[in-house]
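Structural description and commentary
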Amino acid sequence: MTTDLTVEDIAYCSDKFWAMQADPILALDVGCLNILGCHLNLFTGTVCTVLPSRPELRPLAESAVRGEFFGHLLLTEVGHGLDIMNLETTATKVDNGFILHTPHLGAAK
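Quick summary incoming for the structure in this document. Please read all numbers here as calculations on a predicted model, not as lab measurements. (Residues numbered from 1 in each chain as written. Predicted model: local features only at pLDDT ≥ 70, side-chain atom pairs only at ≥ 80, totals over all residues. Heavy atoms only, no water.)

One way to put it is that helix H3 (residues 30-49) packs onto helix H4 (residues 58-65) with a least axis distance of 9 Å and a crossing angle of 160 degrees. As judged from the angle between their axes, H3 and H4 are roughly antiparallel. The way H3 lies across H4 gives a crossing that is left-handed. Contacts from His-39, Phe-43, Thr-44, Val-47 and Cys-48 in H3 reach Leu-60, Ala-61, Ala-64 and Val-65 in H4. (Axes fitted to C-alpha atoms, helices over the stretch in contact; angles between N-to-C directions. Helix = DSSP H or I, 4+ residues; strand = E, 2+ residues; numbered from the N terminus. Parallel < 35°, antiparallel > 145°, perpendicular 65-115°, else oblique. Left-handed = near helix turned anticlockwise from the far one by under 90°. Contact = heavy atoms within 4.5 Å.)

Below you can see the structure in the form of structure tokens.
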């Protein structure tokens, strides 16, 4: 697996970025894949895309890409654990944020 990703690889979804995402070794540990995917795609990807307007975040983004820390979202539900394919809560984008809908207790965070 390649470990020399850059902020630009993540921000612009380079071939190196996609090769890392498709590395077969990730199939050996779905929990690790979930954490890595959340860290690189959701957290680091979000930070990298705002760098043009927020250059002061570059050290944070570079540190995240190097794996010096992991930022991620908690993608679990009471009834599903880490099974992100079966999460039931939805988020609907509205002008000032999101409306979250959790349909029952099993979908609670």
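Let us look at the environment of Thr-102. Structurally, Thr-102 is set in the segment after strand S2 (97-101). Overall, Thr-102 belongs to the partly exposed group, its relative accessible area being 37%. C-alpha of Thr-102 to C-alpha of Leu-36: the two residues are 66 residues apart in sequence and 25 Å apart in space. Excluding residues that lie within four positions of it along the chain, Thr-102 makes contacts with Thr-89, Ala-107, Ala-108 and Lys-109. Among the polar contacts made by the side chain of Thr-102, one reaches the side chain of Thr-89 at a distance of 3.3 Å. (Buried < 20%, exposed > 50% of the residue type's maximum accessible area, 1.4 Å probe, protein only. Polar contact = N/O pair within 3.5 Å; in protein donor to acceptor, adjacent residues only side chain to side chain.)

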